[in-house]
Amino acid sequence: MLRRLYSTVIRFPKLTIALVLGVTVYLAMQLPHLRWETDARVYLPKGHPAIKYDEKVDEIFGVKDAIIIGIVNEQEGIFNPVTLARIARITEKVAALPGVIADRPIDVASLSTATIFVGTESSIGSERLMPHVPADAADIARLKETVYANSDLFVGNLVSKDGKAAMIRARLKEGQTNRYMTYFQIQGILAAEKGGGYGQGGWAAGGAWQQKWGQGGGQWPGQGGAQGWQQPGAQGIDVKQPEIKQNADTFYLAGRPAIEVTSGLSAMQDMRVMIPLLLAALGMTLLVIFRTARGVVLPLFVMGASIVWTMGVMVLADVPLYTISTMLPVILVAVSIGDSVHLLSHYYDHVLHDAHRAGSEITLQVMDRLSLPIITTSVTTAVGFLSLMFAQMPPFIVFGLFTMLGIFFSWLLTVTFIPAVLALLKPKVGGYLAKRRALRVHSEQSRLTGILVRGGEILHTKRRAVVFVLLGLSAVAALGTSKLYVDSSWMSDFRQDSDLVLGNKMLNDKFQGTIFLNVVVEGDKKDIFKSPDLLRHIEGLQKYVDGLSYVGGSRSVVDYIKNMNTTLHAGDDKFNVIPDSAAQIGEYLFLFSVS
């Protein structure tokens, strides 16, 4: 069967080459539609208890991972007119973005949307913390006093303890498009605040970032018509932007959405750099080995085409590219280069002995000898990746499946395209090999071959010592495996001097943290959360959690109940406790629900 395949290829080389090039061009045209998926939740299978509970919590509480905007002013602090106006302005613009959940003002949490509880001993209500930007120093002082008087709600949450940083949190709608679109629009808003770009998003329709995702016209896919977000000025309308005063404010982005988007962008950039460098390095190596154009071009084409075919099929199958899939091209290059070099090396050996035979005859003889070894190495390599089909994480299953498919494509191109081209070309070897043939020194060893042969002889002579050394190294390696640990932090994937890592560190230093873990307490009785005993248990859990080394702080309904109780008693700190009455707790919970 294999002989029939490559015999047909050698008999019809032009048709084979045309088919391969046609398929390669068609699949290459699909690559711009390759989509990235960096949502951390895709690493768990559908129906997994963690995913189901995450969806349940979202349904009940509307809890979603937020993108975090940090505003830091180390010189004046954030309690100054320019920074407070900037917080209000950014909050308003972010809330207007189509990818942001903003059903209520507090959905985009900041100083300008936060509420506080106010009241007397007989009545209590809520009002906006900063309904308007303070106009003078007295108003700013009152705002600052209010914030720190309610430190259990705001300090470490929206304002840093030292008053030099403020946080804006925005919950994003589901979907990769919303995630990427909103990330870039927020970048644009911050760029406008720094003195450049558009005030309502900071990007021009058809700009560089928009072209990166293949979009145009100021809209993103699935958001046409009334749902589309149109850039002001994109249709030739001259939009006047308000003058923005500048000061020492600096901006940072953090949170899981920012990590996921940055991870996708970094992976894409790595592939753009890694693949050309890898092909260039291999091209130079092939040139040194074979010293002919065909010895360089044919293996490189097989490597490139196998990558294009694999990723093109991913697009046609509507399968996204996960972060782990960035290793796919490297693996395919390793497999392709081995098979191609193996084939070409034997081809040149045959040509060296008799270059006067037809190229098709030499190629057929080479394929008769190598077809079984080549398919054997490909199958054994593919079977190794077959084990990933039993992984629990869907991205690993996809990675294993398409790696096997890429190995198959690499084998197919090696045994079809290369023989077809060699059958058409006149047999030829490089200048060095041609000189050896002219001098009839076919059996002369090259310098590298001589070194390898001598090394093998030495190893054979001292084989017992070599075995003991290898056993010692194996023991050390086995000891090393016991020290392995799993690092599930995405931040370790980035350079320590990257903006994301620096921003994340800055915000973690200033606030209670940038990644949130939701702990849900469920009751099985009606009005169970009006029980003072249960709330005290929750308070105790908070105290325990706050003592953990990697926890910056916690917040629960207990904090709001205690804050309301304090407010109702004229701010007396001795009432910063959970009330003893279930009825009173019920009143506070009702007020909390409508505030």
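Structure: see above.
Quick caveat: nothing in here was measured; it's all calculated off a predicted structure.

Asks: I'd like a rundown of the sheet that holds strand S1 (residues 66–72), residues and numbers included.
Replies: Strand order in this open sheet of four strands is S2-S5-S1-S6, and the pairing throughout is antiparallel. Each having just a single partner strand, strand S2 (108–109) and strand S6 (250–254) make up the two edges of the open sheet. Alignment of S1 against strand S5 (residues 165–171), held across seven bridges, turns out to be antiparallel. Its bridge partner being in S5, Gly70 is matched across the sheet by Met167. Helix-sheet contacts for helix H9 (residues 256–290) involve S1 and S6, and the interaxial angle to S1 is about 100 degrees. Sitting on the sheet, helix H17 (residues 499–510) is in contact with S1, S5 and S6, with an inclination near 95 degrees to S6.

Asks: Describe helix H10 (residues 293–316), listing the residues and the values that go with them.
Replies: For H10, spanning 24 residues, the distance from its first C-alpha to its last is 34 Å, which sits close to the expected 34 Å at 1.5 Å a residue. Counting buried positions over the 24 residues of H10 gives 17, a clear majority of the element. Just downstream of H10 lies Asp318, where phi reads positive at about 60 degrees.

Asks: Kindly report on the side chain of Arg294, identifying the contributing residues and their values.
Replies: Position of Arg294 relative to the elements: it lies in helix H10. Each residue touching Arg294, except ones within four places of it in the same chain, is listed here: Pro299, Leu344, Tyr347, Tyr348, Leu422, Leu425, Lys426, Pro427 and Lys428.

Asks: Give a description of the side chain of Thr16 that names residues and reports values.
Replies: One can find Thr16 in helix H2 (residues 13–28). Take Thr16: its relative accessible area is 12%, and that puts it in the buried class. Dropping the residues within four chain positions of it, Thr16 is found in contact with Val9, Thr416 and Ala420.

Asks: Tell me about the nonpolar core, and please be specific about residues and values.
Replies: The biggest cluster of nonpolar side chains holds 108 residues, and the ones touching the most others in it are Ile90 and Val94. In terms of residues, this core owes the most to one element, helix H13 (residues 394–424), which gives 14 residues. Of all hydrophobic cores here, the second largest spans eleven residues; its members include Phe117, Ile561, Leu568 and Leu591.

Asks: Lay out unusual backbone geometry in plain terms, naming residues and giving numbers.
Replies: In this structure, Asp318 is a non-glycine residue whose phi angle is positive, near 60 degrees. Inspection of the secondary structure assignment puts Asp318 in the loop between H10 and helix H11 (328–353).

Asks: Kindly report on the pattern of salt bridges, identifying the contributing residues and their values.
Replies: Within the structure shown, the criterion is met by 20 salt bridges. Where Asp318 meets Arg35, a salt bridge forms, and the shortest distance between an N and an O atom there is 3.2 Å. One end of the pair, Asp318, is in the loop between H10 and H11; the other, Arg35, is in the loop between H2 and helix H3 (49–61), and 283 residues separate them in sequence. Residue Arg35 is classed as partly exposed on the basis of its relative accessible area, which comes to 31%. A salt bridge links Glu37 to Arg179; its shortest N-O distance comes to 3.0 Å. Placement of Glu37 in the loop between H2 and H3 and of Arg179 in helix H7 (residues 176–193) is noted, with a sequence separation of 142 residues between them. Classification of Glu37 by relative accessible area gives buried; the value is 12%.

The rules behind each value
- Residues numbered from 1 in each chain as written.
- Predicted model: local features only at pLDDT ≥ 70, side-chain atom pairs only at ≥ 80, totals over all residues.
- Heavy atoms only, no water.
- Pairing = 2+ DSSP bridges.
- Helix = DSSP H or I, 4+ residues; strand = E, 2+ residues; numbered from the N terminus.
- Contact = heavy atoms within 4.5 Å.
- Axes fitted to C-alpha atoms, helices over the stretch in contact; angles between N-to-C directions.
- Expected span 1.5 Å × (residues − 1).
- Buried < 20%, exposed > 50% of the residue type's maximum accessible area, 1.4 Å probe, protein only.
- Core = buried A, V, L, I, M, F, W, Y, C linked by side-chain atoms within 4.5 Å.
- Salt bridge = Lys/Arg side-chain N within 4 Å of Asp/Glu carboxyl O.

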